[in-house]
Amino acid sequence: MANPAYRGRLAPTPTGRLHLGHALTFRTAYERCRERSGILIYRNEDLDPDRCRPEFVKAALEDLRWLGIEFDEGPLNQSERIPSYRNAWSILRERGYLYPCRCSRRDLREAAQAPHDGGGEPIYPGTCRPGAGDGSLDWPPAPGEGEVCWRFRVTDGEEVGFLDGRLGRQAFRAGRDFGDFVVWRRDGIPAYELAVVVDDAAMSVTEVVRGADLLLSTARQCLLYRALGLGEPAFFHTALVGGADGRRLAKRDQAASIGSLRLSGLGPDEVLAMARKNVIMVR
Ligand code: GLU
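Residues numbered from 1 in each chain as written. Predicted model: local features only at pLDDT ≥ 70, side-chain atom pairs only at ≥ 80, totals over all residues. Heavy atoms only, no water.

(A) Quick peek at helix H5 (residues 192-202). With eight of 11 residues buried, H5 lies mostly within the body of the structure. Within the span of H5, buried status applies to Glu193, Leu194, Ala195, Val196, Val197, Val198, Asp199 and Asp200. Considering only its buried residues, H5 is in contact with strand S1 (7-10), strand S2 (39-44), helix H3 (82-94), strand S8 (181-184), strand S9 (207-211) and helix H6 (215-228). Of the residues trailing H5, Ser204 is marked for its positive phi of about 50°. (Buried < 20%, exposed > 50% of the residue type's maximum accessible area, 1.4 Å probe, protein only. Helix = DSSP H or I, 4+ residues; strand = E, 2+ residues; numbered from the N terminus. Contact = heavy atoms within 4.5 Å.)

Have a look at this one:
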């Protein structure tokens, strides 16, 4: 019988074929949920219309089915949930956590010696932070209107920690490991960090299983949970899978896609064994 006390989720982004890293993460999410007789939700993270494709939505569902990964609720589409993200934006805005920012990516790249976070993004230098001088905007446009993105203002020096089910206690420092981050993009699309927190809370997810490449994102998300007054789920970050060059796989690594391995004649257990054999250490 299903145990509603455990709710997990599978949350692929349909911008390419799933690879060995996804196989490991999603299989882990599935197993952890089944071991606890929980409910598994399928959430299609299709917010970016320029990059998401219906054929990848279909392929992800097929690949997961082939890997023996079943879910209980969904698929739900993030693209149909914009009003919920907008509502969270309003709450954060009202509570004074957000400010509009007109810096372009290029401005940020060019900011003199901007330090970078663990994910390679420049740490926002604070140009448009309210009170920062000429950069701050008095009469900002609504999200999705005008040439601004919306950033969450972090408290520089604050330690943001959480307990990971595999890696133990994790701690990051705001202002050093990551800076003021985007919650609503300049092109009008809610950012991953915001959408995922709103959804995991709305869908009563009790444990988030995701790749260890997202550890820093989890720290940012903890700040959003706290600012929105929402309870945090438990976190379990799976090991990353490397390619032939030993580097972490990305969607462009077609050779490691579940689809091509399947076509080459491998079975699901062999694909999962291959993923487990190629895990690489991070942190
Ligand atoms: N959609 C993200 C991805 O495909 C995962 C998000 C998450 O698990 O929070 O990488």
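(B) Broad picture of the side chain of Thr218. One can find Thr218 in helix H6. Dropping the residues within four chain positions of it, Thr218 is found in contact with Phe162, Arg210, Phe235 and His237.

(C) Structural context of the site of the ligand. Contacts to the ligand come from Arg9, Ala11, Pro12, Thr13, Glu45, Tyr192, Val196, Arg210 and Leu214. Within the side chain of Thr13, a nitrogen or oxygen atom sits 2.7 Å from a nitrogen atom of the ligand. For the ligand, an oxygen atom lies 2.9 Å from a polar atom in the side chain of Arg210. Protein chains shield 83% of the accessible area of the ligand, which is 300 Å² for the free molecule. In terms of residue class, the shell around the ligand is built from five nonpolar, one polar and three charged. (Near = heavy atom within 4 Å. Polar contact = N/O pair within 3.5 Å; in protein donor to acceptor, adjacent residues only side chain to side chain. Areas by Shrake-Rupley, 256 points an atom, 1.4 Å probe, with all protein chains shown as cover. Nonpolar A, V, L, I, M, F, W, Y, C, P; charged D, E, K, R; others polar.)

(D) Structural context of the nonpolar core. Counting residues in hydrophobic clusters, the biggest one holds 40 residues, and the most contacted among them are Leu92, Phe152, Phe178, Phe181, Val183, Leu194 and Leu224. Looking at this core, the elements that each hand over two or more residues are H3, strand S5 (149-152), strand S6 (159-164), S8, H5 and H6. When residues in this core are grouped by element, the largest group, nine residues, is from H6. Apart from the residues lying within four places of it in its own chain, the contact partners of Val183 are Leu98, Trp150, Phe152, Pro190, Ala191, Leu194 and Leu224. (Core = buried A, V, L, I, M, F, W, Y, C linked by side-chain atoms within 4.5 Å.)

(E) Representation of the packing of aromatic side chains within the structure. Inspection of every chain in the model, using the stated rule, returns eight aromatic pairs. Ring geometry for Tyr97 against Phe152: centres 5.3 Å apart, planes inclined by 5°, an arrangement best described as stacked. Placement of the pair is Tyr97 in the loop between H3 and strand S4 (98-101) and Phe152 in strand S5, with a sequence separation of 55 residues. Exposure remark for Tyr97: the relative accessible area of 30% places this residue in the partly exposed category. Following the ring pairs from residue to residue traces out a cluster consisting of Tyr97, Phe152, Phe178 and Phe181. The residue whose ring lies beneath Arg86 is Trp89, and the NZ or CZ to ring-centre distance is 5.6 Å. Here the guanidinium or amino end of Arg151 rests over the ring plane of Tyr124, the centre of that ring lying 3.9 Å away. (Phe/Tyr/Trp six-rings, centres within 6.5 Å; stacked < 30°, edge-to-face > 60°. Lys NZ or Arg CZ within 6 Å of the ring centre and 35° of its normal.)

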